[in-house]
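# Architecture at a glance
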Amino acid sequence: MSAPTPQQGRLAHAPVVLRGGRWWLDGGAGSVPASDPAFTAVLDDFAQSMAAADQAVANLLIRQDEASSVDPGGRR
């Protein structure tokens, strides 16, 4: 199974944004492209980990909803 692809947009709780496949540092004075390959590689890895975690939580919620619909008494 391949790792989830990070979505365009702001990385959670961080001043970085992924736009057009490129990382940007986003601050009050504006945005600048992140150009250090080591830094952007870490951002890519972190974004993939966050996407995988989000998918895992979504899967758990789906399974929880399915279990609730099977057991109308609400017992788990």
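Before any of the text, the structure's been laid out above.
Now for a look at the structure at hand. (Residues numbered from 1 in each chain as written. Predicted model: local features only at pLDDT ≥ 70, side-chain atom pairs only at ≥ 80, totals over all residues. Heavy atoms only, no water.)

### Description of the overall build of the protein
Put simply, the test is: What counts as a helix is a DSSP run of H or I of at least four residues, what counts as a strand is a run of E of at least two, and both are numbered from the N terminus. Burial here depends on accessible area, computed with a 1.4 Å probe over protein chains only, as a share of the maximum for the residue type. Under 20% is buried, over 50% is exposed, and the range in between is partly exposed. When checking whether two residues touch, look at their non-hydrogen atoms; a contact exists if any pair is within 4.5 Å. Accessible areas in this description were obtained via Shrake-Rupley with a 1.4 Å probe; residue shielding takes into account the shown protein chains only.
Tallying secondary structure elements over the protein gives one helix and four strands in all. From first element to last, N terminus to C terminus, the protein shows the α and β order β-β-β-β-α. Evaluated residue by residue, the protein yields a buried proportion of 16% over its 76 residues. Contacts in the protein between residues at least 24 apart in sequence constitute 25% of all its contacts with a sequence separation of at least 6. If you sum the accessible surface of the protein, you get close to 5,700 Å²; carbon and sulfur atoms cover 59% of it.

### Remarks on the environment of Leu 43
Structurally, Leu 43 is set in helix H1 (residues 37–70). Judged by relative accessible area, Leu 43 falls into the buried class, the value being 9%. As a C-alpha pair, Leu 43 and Val 16 span 27 residues in sequence and 8.7 Å in three-dimensional space.

### A short note on the nonpolar core
Rule in force here: The nonpolar core is taken to be a set of buried Ala, Val, Leu, Ile, Met, Phe, Trp, Tyr and Cys residues, with the residues joined through side-chain atoms within 4.5 Å.
Counting seven residues, the largest nonpolar core is built from Leu 11, Val 16, Leu 18, Trp 23, Ala 34, Leu 43 and Ala 47. If you list the elements that add at least two residues to this core, you get strand E2 (16–19) and H1. Dropping the residues within four chain positions of it, Leu 43 is found in contact with Leu 11, Val 16 and Trp 23.

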